[in-house]
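# Survey of secondary and tertiary structure
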Amino acid sequence: MNGASSAGSVAFDPFRPPMVGAETWQSAMDAAGWRCECTGQCGKGHGKTAGRCGINHGTAHPLAVTAADPTASLHAAVTGAELVALCAGCQAGSKRAATKAAEQAAADRTDQLDLFDLTGGDAA
Ligand SMILES: [Zn+2]
Ligand SMILES: [Zn+2]
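Residues numbered from 1 in each chain as written. Chains lettered and ligands numbered in written order. Predicted model: local features only at pLDDT ≥ 70, side-chain atom pairs only at ≥ 80, totals over all residues. Heavy atoms only, no water.

### Let's talk about the overall build of the protein chain
Helix and strand content of the protein chain: 3 helices and 2 strands. In the protein chain, the succession of helices and strands from N to C terminus is α-β-α-β-α. Restricting to contacts in the protein chain with at least 6 residues of sequence separation, those with at least 24 account for 52%. Element-wise, carbon and sulfur atoms account for 57% of the exposed surface of the protein chain, whose accessible area totals about 8400 Å². (Helix = DSSP H or I, 4+ residues; strand = E, 2+ residues; numbered from the N terminus. Contact = heavy atoms within 4.5 Å. Areas by Shrake-Rupley, 256 points an atom, 1.4 Å probe, with all protein chains shown as cover.)

Structure follows, in structure tokens:
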């Protein structure tokens, strides 16, 4: 019976974001190969790195594990939504792009409604 006293010394990554659990984070990072998984959703083409962001996880560029759909809620992200590892730049970029797309979609909808009202009320 050897006293196993090393249990408390598991490597702790200070960059683990609080939004997902350690195991989820670890498996998502493993799946990503510890490299940013952005393939252009941030708005950049990442052409220099074969279409995928080349940033590896590290102290200078800690990756965050986040829902693949940037507009998904935190709840969706922690309850089994598709997860991706993204660097800070791509995370911000993809969120911005998704917000913009949502705004655009809403604007398009409004345009169509206006158009409908116009044609509907002007039937002479
Ligand atoms: Zn990236
Ligand atoms: Zn990117």
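### Re the coordination of the zinc ion (ligand 2)
Protein coordination of the zinc ion (ligand 2) is provided by Cys38 (SG), Cys42 (SG), His46 (NE2) and Cys90 (SG), with donor distances spanning 1.9 to 2.4 Å. In this structure, the zinc ion (ligand 2) is coordinated by 4 donor atoms arranged in tetrahedral fashion, with angles at the metal of 102 to 116°. Within one chain, the residues serving as donors to the zinc ion (ligand 2) are arranged as C-x3-C-x3-H-x43-C. A separation of 4.2 Å is found between the zinc ion (ligand 2) and the zinc ion (ligand 1), which share cysteine 90 as a coordinating residue. (Donors = N, O, S within 2.8 Å, 3.2 Å for Na, K, Ca; no water. Tetrahedral: all angles 85-135°; square planar, octahedral: opposite > 155°, others 65-115°.)

### A short note on the coordination of the zinc ion (ligand 1)
On the protein side, the zinc ion (ligand 1) has Cys36 (SG), Cys53 (SG), Cys87 (SG) and Cys90 (SG) as donor atoms, found 2.3 to 2.4 Å from it. Sequence spacing among the residues donating to the zinc ion (ligand 1) works out to C-x16-C-x33-C-x2-C. Residue classification places cysteine 87 among the buried positions, given a relative accessible area of 4%. (Buried < 20%, exposed > 50% of the residue type's maximum accessible area, 1.4 Å probe, protein only.)

### Notes on helix H1 (residues 22-32)
When we look at burial in H1, the residues that qualify are Trp25, Ala28, Met29 and Ala32. End-on, the buried residues of H1 take up no more than an arc of 100°, which puts them together on one face. Exposed side of H1, more than 90 degrees from the buried face: Glu23 and Ala31 are the residues found there. Where H1 is buried, its residues touch strand S1 (64-67) and strand S2 (83-86). (Arc of directions from axis to C-beta.)

### Looking at the side chain of serine 94
Examined against the element boundaries, serine 94 turns out to sit in helix H3 (residues 88-121). Accessibility expressed as a relative area gives 4% for serine 94, which makes it buried. Sequence-distant contacts of serine 94, that is, excluding residues within four places in its chain, are made with Gln41, Cys42, Pro70 and Leu86.

### Quick notes on the nonpolar core
By size, the foremost hydrophobic cluster in this structure holds 15 residues, and its most contacted members are Cys36, Cys38 and Cys90. Only H1 and S2 provide two or more residues apiece to this core. Among the elements that take part in this core, H1 stands out by supplying 4 residues, more than any other. Excluding residues within four positions of it along the chain, cysteine 38 makes contact with His46, Gly51, Arg52, Cys53, Ala85, Leu86 and Cys90. (Core = buried A, V, L, I, M, F, W, Y, C linked by side-chain atoms within 4.5 Å.)

Keep in mind these numbers describe shape, not what the thing actually does.
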